Amino acid sequence: MIFTFALPGFVQAFDFVVIANQEVPADSLSKHDIKKIYLGKKKTWENGQPIELVTMVSGDVHESFLNTIVKKTSTQFTYYWKELLFTGRGVEPKSFSNSAGVAEYVAKTKGAIGYVAPDTSPEGVKVLEVQ
Amino acid sequence: MREAGKPVSFFVVIWTLFWALGNVGSVSAQMWKDITIHGFVSQGYMQSTDNNYLMETEDGSFQFNEIGINFTTVYEKLRLGMQIFSRDLGDQGNNEVTIDWAVADYYFNDYAGIRAGKVKLPLGLYNQSRDVDMLRTPIILPGSSYDEGFREIASACYGVDLYGNIDMKIAGDVDYELFYGTNNVESDSLYVRGFMERMNRGSQTAALPLDQSEPDQNIDYLAGAALRWNNILEGLRLGAHMFIFDAGANSEFTDPSSGFTVAKMESEVEDGYATVFSLEYKWMDFTFASEITHIKVETAAKFIPLSPQLPFGPVSRITSSTSLGWYIQMNYRFSDLVKLGVYYSEFYPDDEDKDGEKLIRMGLPDYLAWQKEIVPTVRFDINRNWLVKLETHFVDGAANVYEFNNPEGREDDWILYAAKVTFNF
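Residues numbered from 1 in each chain as written. Chains lettered and ligands numbered in written order. Predicted model: local features only at pLDDT ≥ 70, side-chain atom pairs only at ≥ 80, totals over all residues. Heavy atoms only, no water.

Draft legend 1. Layout of helix H3 (residues 74–86) of chain A. Over its 13 residues, H3(A) extends 18 Å from the first C-alpha to the last, a length consistent with the 18 Å expected when each residue adds 1.5 Å. Positioned one or two residues after H3(A), A:Gly88 has a phi angle of 75 degrees, which is positive. (Helix = DSSP H or I, 4+ residues; strand = E, 2+ residues; numbered from the N terminus. Expected span 1.5 Å × (residues − 1).)

Set out below in structure tokens:
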């Protein structure tokens, strides 16, 4: 199912929308960069601000984002982060059960990035163009 | 050699607590103030048709568990964390509580960061996660690359670890790690006992009717580097890992009739290193992996008589061997519930004696020169917290089977059955 999310200036043909805290110094990101962020390999924004990635626990939006951008299944993604966590090399990203939870956390957290369902009306965040 | 009740009580209490958590439904990470808490408990069982493998498996044994709980907090670019760990593997671990890792981790940018404290070592793709059952398909990692006898020296070190990631754009990215530190090895560990077993093999001092004390082991340093090139093709990972170490061991010989110390042995590793080259490819629900490992240990030992009654004077002896191990593994996830895996592994403790001719000349069976295994595993992920695994090892050879676990001798062809249940949150 392909949605078109229409905010002024943005057209994204994905089952998800990538959002970021309003102070994040980026308006667009490549798929490559988003993937590196969600694998914990890109850790800072251009201004040096630490990136805080936010995920959903499960669901179609979660699966679609991981398959399209991160190139992993939900199970693979979960165990990727568990491996970093249990070997002292990282900490699992914060996760929420729905888009509203993700959007609310991203809005109030400096450097945060997340993804939500296209029909969400997130407030206090910026929508990033995915290149 | 299990010590009194305290460590076992710790295991039982934690297991009961985790069990209770599991019964109230799906359990996620716990938070206390800004500290994230995660944990796991694994309980296994092993039984073999012949040969006691790492413990008394011929009679079947439940002395096979791991438990860990970790605490992590993050402030900007600084992460502080530690994992408390306890395990039992026959005579090893005995559920004593240890620190598995404890790090202060600060990254400067994507290219460079530093971890200090007790850090897990990247010797092969799965060495850092070898104590965490849920992170892999097989219950027992291929002994060809993940020899239990080398775990004590190569699983972690007290020191520093420099790390980072280099973006290669369309050619993927490269993770690197450089580490330096030291470690403590228990005198009754598999590493030390296996080391002494090899040192004494074929030596004239081993023929003396003397009791040898558990060696006092010291490690001067451990150092190494790892490069992992990710996504050259989507899903493909190549790894090169190097590890060097400097260690020594001293022990004493006593006359069992008088109880007097009559000689001592001083040994030093002159040249100790390990290399692991790795390949992993994930495609759809398949994972393929293969690694090849060399471990070289060249040791100079001096036997110094302290009593004139011994039949010979000081003896110096240099032993050198390079082990070779490799495996190939394939896993396939049928569904969220079921995953199947199989690996084939070959291990040779002496790369120059693959057919055991040297051992025959020492009066030992040739099949101690190799261990070849086919290992199918089925893994059931019951839910996000619970998983169960069943595994069978069809084994030819006994190179990874220790003499001290099998004083009545070792067999050539044998089968090992393993089962394990893990809870994590």
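Draft legend 2. Structural view of a nonpolar patch on the surface. A surface patch of nonpolar side chains, about 520 Å² in accessible area, is lined by B:Tyr111, B:Ile166, B:Met168, B:Trp229, B:Leu238 and B:Leu279. Structurally, B:Leu238 is set in strand E11 (residues 236–254). (Patch = residues over 30% accessible without salt bridge, like charges linked within 9 Å, V, L, I, M, F, W, Y side chains within 5 Å. Areas by Shrake-Rupley, 256 points an atom, 1.4 Å probe, with all protein chains shown as cover. Salt bridge = Lys/Arg side-chain N within 4 Å of Asp/Glu carboxyl O.)

Draft legend 3. Summary view of the nonpolar core. Formed by 39 residues in total, the largest nonpolar core has its most connected members in A:Ile19, A:Tyr38, A:Phe65 and A:Ile113. Going through the elements one at a time, strand E3 (17–21), helix H1 (31–38), strand E5 (52–56), helix H2 (60–70), H3, helix H4 (99–108), strand E7 (112–116) and strand E8 (125–127) of chain A are the ones with two or more residues in this core. When sequence neighbours within four positions are dropped, the list of residues in contact with A:Phe65 reads A:Phe16, A:Val18, A:Ile34, A:Tyr38, A:Val70 and A:Tyr115. Counting residues in hydrophobic clusters, the runner-up holds 36 residues, among them B:Val185, B:Phe243, B:Val262 and B:Ala263. (Core = buried A, V, L, I, M, F, W, Y, C linked by side-chain atoms within 4.5 Å. Buried < 20%, exposed > 50% of the residue type's maximum accessible area, 1.4 Å probe, protein only. Contact = heavy atoms within 4.5 Å.)

Draft legend 4. Geometry of H4(A). When H4(A) is considered as a whole, its buried residues turn out to be A:Ser99, A:Gly101, A:Val102, A:Ala103, A:Tyr105 and A:Val106. The N-cap of H4(A), judged by a side-chain oxygen 3.3 Å from the amide nitrogen of A:Ala100 a few residues on, is A:Asn98. (Polar contact = N/O pair within 3.5 Å; in protein donor to acceptor, adjacent residues only side chain to side chain.)

Draft legend 5. Molecular detail of the packing of H1(A) against H2(A). Residues and elements named next belong to chain A. Packing of H1 against H2 brings their axes to within 9 Å, and their N-to-C directions diverge by 115 degrees. Seen from H1, the contacting residues are Lys 31, Ile 34, Lys 35 and Tyr 38; seen from H2, they are Phe 65, Ile 69 and Val 70. Among the residues making up the contact of H1 with H2, the classes are represented as 5 nonpolar, no polar and 2 charged. (Axes fitted to C-alpha atoms, helices over the stretch in contact; angles between N-to-C directions. Nonpolar A, V, L, I, M, F, W, Y, C, P; charged D, E, K, R; others polar.)

Draft legend 6. Local environment of the pattern of salt bridges. As enumerated under the stated definition, the model contains 28 salt bridges over all chains in all. What you see here is one network of salt bridges that share partners, running through B:Arg87, B:Asp100, B:Lys120, B:Arg130, B:Asp131, B:Glu148, B:Arg151 and B:Glu152.

Draft legend 7. Region of interest: the sheet that holds E8(A). Residue and element names in this part refer to chain A. Overall, mixed pairing links the 5 strands, which are arranged E6-E5-E7-E3-E8 in an open sheet. Two strands bound the open sheet, and with one partner strand each, they are strand E6 (94–96) and E8. Recorded for the sheet is a direction-independent mean angle of 30 degrees between the axes of neighbouring strands. Examined bridge by bridge, E5 and E6 share 3 bridges and lie parallel to one another. (Pairing = 2+ DSSP bridges.)

Draft legend 8. Broad picture of the interface of chain A and chain B. With 25 residues of chain A in contact, the opposing surface of chain B contributes 44 residues. Across the chain A-chain B interface, the total number found is 4 salt bridges. One salt bridge in this structure joins A:Lys36 and B:Asp167, with 3.7 Å as the shortest N-O distance. Applying the counting rule to chain A against chain B returns 14 residue pairs in polar contact (both at pLDDT 80 or more).

Draft legend 9. Summary view of the pairing of strand E6 (residues 113–120) of chain B. Residues and elements named next belong to chain B. In this sheet, E6 lies alongside strand E5 (residues 97–107) in antiparallel orientation, the contact comprising 6 bridges. Residue pairing across strands places Ala 104 opposite Ala 116, the latter belonging to E6. A loop of 5 residues connects E5 with E6, the two strands running antiparallel in sequence. Where E6 and strand E7 (residues 156–167) come together, 8 bridges link them in antiparallel fashion. Bridging across to E7, Ala 116 finds its partner in Val 160.

Draft legend 10. Representation of the side chain of B:Asp133. All names here are of chain B. Position of Asp 133 among the secondary structure elements: in the loop between E6 and helix H2 (148–154). Looking at Asp 133, the relative accessible area reads 0%, which means it is buried. If we skip the residues at most four places from it in the chain, Asp 133 touches Ser 42, Glu 66, Pro 138, Ile 139, Arg 379, Leu 387, Lys 389, Lys 420 and Thr 422.

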